[in-house]
Amino acid sequence: CYRCAAGRVTYRLGAKIALHVQPEQFGVGAWQVDCSGFARWILHHASAGRITMPDGSQVQRQWCASQGWHRVAKYSDLGRPDVVRDDSRLFIGFMRPVMVGKRQVKSGHVFCVSAGQTYESRLGRGVSSRSWATPVLRLRCSDVWEVPVG
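Since this is a predicted model, take the numbers as computed values, not measurements.

## Re the overall build of the chain
Argument step 1. Regarding its fold elements, the chain presents 5 helices and 9 strands.
Argument step 2. The order of α-helices and β-strands along the chain, N terminus first, is α-β-β-α-α-α-β-β-β-β-β-β-α-β.
Argument step 3. Over its C-alpha atoms the chain spans a radius of gyration of 15 Å, differing by no more than 12% from the 15 Å that the globule rule assigns to 150 residues.
Argument step 4. Each of the three principal axes of the chain carries a C-alpha extent, and together these read 40 × 40 × 25 Å.
Argument step 5. By residue count, 47% of the 150 residues in the chain fall in the buried class.
Argument step 6. Of the roughly 7,800 Å² that the chain leaves accessible, carbon and sulfur atoms contribute 51%.

## Some remarks on the pattern of salt bridges
Argument step 1. Counted under the stated rule, the structure contains 10 salt bridges.
Argument step 2. Salt bridges here are not isolated pairs; linked through shared partners, they connect R61, R71, R96 and D143.

## Some words on the environment of V149
Argument step 1. Mapped onto the fold, V149 is located in the segment after strand 9 (141-147).
Argument step 2. C-alpha separation for the pair V149 and A46, spaced 103 residues apart in sequence, amounts to 6.1 Å.
Argument step 3. Not counting residues up to four positions away in its chain, the partners in contact with V149 are A46, S47, R50, S88 and L90.

## Re unusual backbone geometry
For residues other than glycine, phi is negative in most cases, and the peptide bonds are mostly trans.
Argument step 1. Positive phi is not limited to glycine here, since A48 has a value of about 55 degrees.
Argument step 2. A relative accessible area of 65% places A48 in the exposed class.
Argument step 3. Of note in this structure, A115 is not a glycine but carries a positive phi near 50 degrees.
Argument step 4. With respect to the element layout, A115 can be found in the loop between strand 6 (109-114) and strand 7 (117-122).
Argument step 5. Under the relative-accessibility criterion, A115 is labelled partly exposed at 29%.

## A short note on the pairing of strand 3 (residues 90-95)
Argument step 1. Counting buried residues along strand 3, 6 of its 6 residues qualify, which places the element largely inside the surrounding structure.
Argument step 2. Across the two faces of strand 3 the burial is the same, with L90, I92 and F94 and F91, G93 and M95 all buried.
Argument step 3. Of the pairings in the sheet, the one linking strand 3 to strand 9 comprises 6 bridges and is antiparallel in character. In the sheet register, G93 faces strand 9, and the bridge partner there is V144.

## Things to note about helix 3 (residues 57-65)
Because an α-helix packs 3.6 residues into every turn, residues spaced three or four apart end up facing the same way.
Argument step 1. Along helix 3, the residues that are buried comprise S57, Q60, R61 and C64. End-on, the buried residues of helix 3 take up no more than an arc of 105 degrees, which puts them together on one face.
Argument step 2. Against helix 2 (35-46), strand 3, strand 6 and strand 9 lie the buried residues of helix 3.

## Things to note about the sheet that holds strand 7
Argument step 1. Strand order in the open sheet formed by 5 strands is 8-7-6-3-9, and the pairing between neighbours is antiparallel. On the outer flanks of this sheet lie strand 8 (126-128) and strand 9, each paired with one strand and no other. Sheet twist, expressed as the mean angle between neighbouring strand axes with direction ignored, is 20 degrees.
Argument step 2. Here strand 7 runs beside strand 8; their pairing, made up of 3 bridges, is antiparallel. Residue E120 lies in a different strand from strand 8, and its bridge partner there is S128.
Argument step 3. Sitting on the sheet, helix 2 touches strand 3, strand 6, strand 7, strand 8 and strand 9, and the angle it makes with strand 6 is about 35 degrees.

Procedures and definitions
Residues numbered from 1 in each chain as written. Predicted model: local features only at pLDDT ≥ 70, side-chain atom pairs only at ≥ 80, totals over all residues. Heavy atoms only, no water. Helix = DSSP H or I, 4+ residues; strand = E, 2+ residues; numbered from the N terminus. Rg over C-alpha atoms; globule rule 2.2 N^0.38 Å. Buried < 20%, exposed > 50% of the residue type's maximum accessible area, 1.4 Å probe, protein only. Areas by Shrake-Rupley, 256 points an atom, 1.4 Å probe, with all protein chains shown as cover. Salt bridge = Lys/Arg side-chain N within 4 Å of Asp/Glu carboxyl O. Contact = heavy atoms within 4.5 Å. Pairing = 2+ DSSP bridges. Arc of directions from axis to C-beta. Axes fitted to C-alpha atoms, helices over the stretch in contact; angles between N-to-C directions.

So this is what it looks like as C-alpha cells:
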C-alpha cells in the first residue's frame, strides 16, 4: 500500500482518499491526503476492509481507545527486536495537539508503524516513511495501539 503512494501523494489538511481506491491507482491524477485520511486508508486496506475508522486524528484516537485493541504500554516498545522485524504487525500512534494556554499551536497527528518504519502523510512531505525512533515521535507520541489486521 504505502510504497505506491510515497512520493505520489501530497499533504493537504482535510483531504481524504476514498477507501475503495486501490494502491496502483496512485500516480493517476493529483492525489492529496492528510494524516488521518491516510491512516484511515491504510487500516482499511491492511484489514481487508474490516476496519473503517472515522476521520480526524483526535476522533480516531478516541475511536481506537474504544475498540478494545492492545494498547502499547510505552512507545519505546515499538523498538523491541520481535516488533521491528515483524512486518505482519501494524500499530497506530497519535500525537496530541500542543496547546499554549487555550491556544492550539501545533496540530495533532496520527501515523502507522510496521517493522520499525512509520507510514504517514505529513506537512511538507506528503505520504512518506521514517524511523519509528525519530525524536519528535518518541517525545510527542501519546498513545499507540496494535491494530488487529491478521
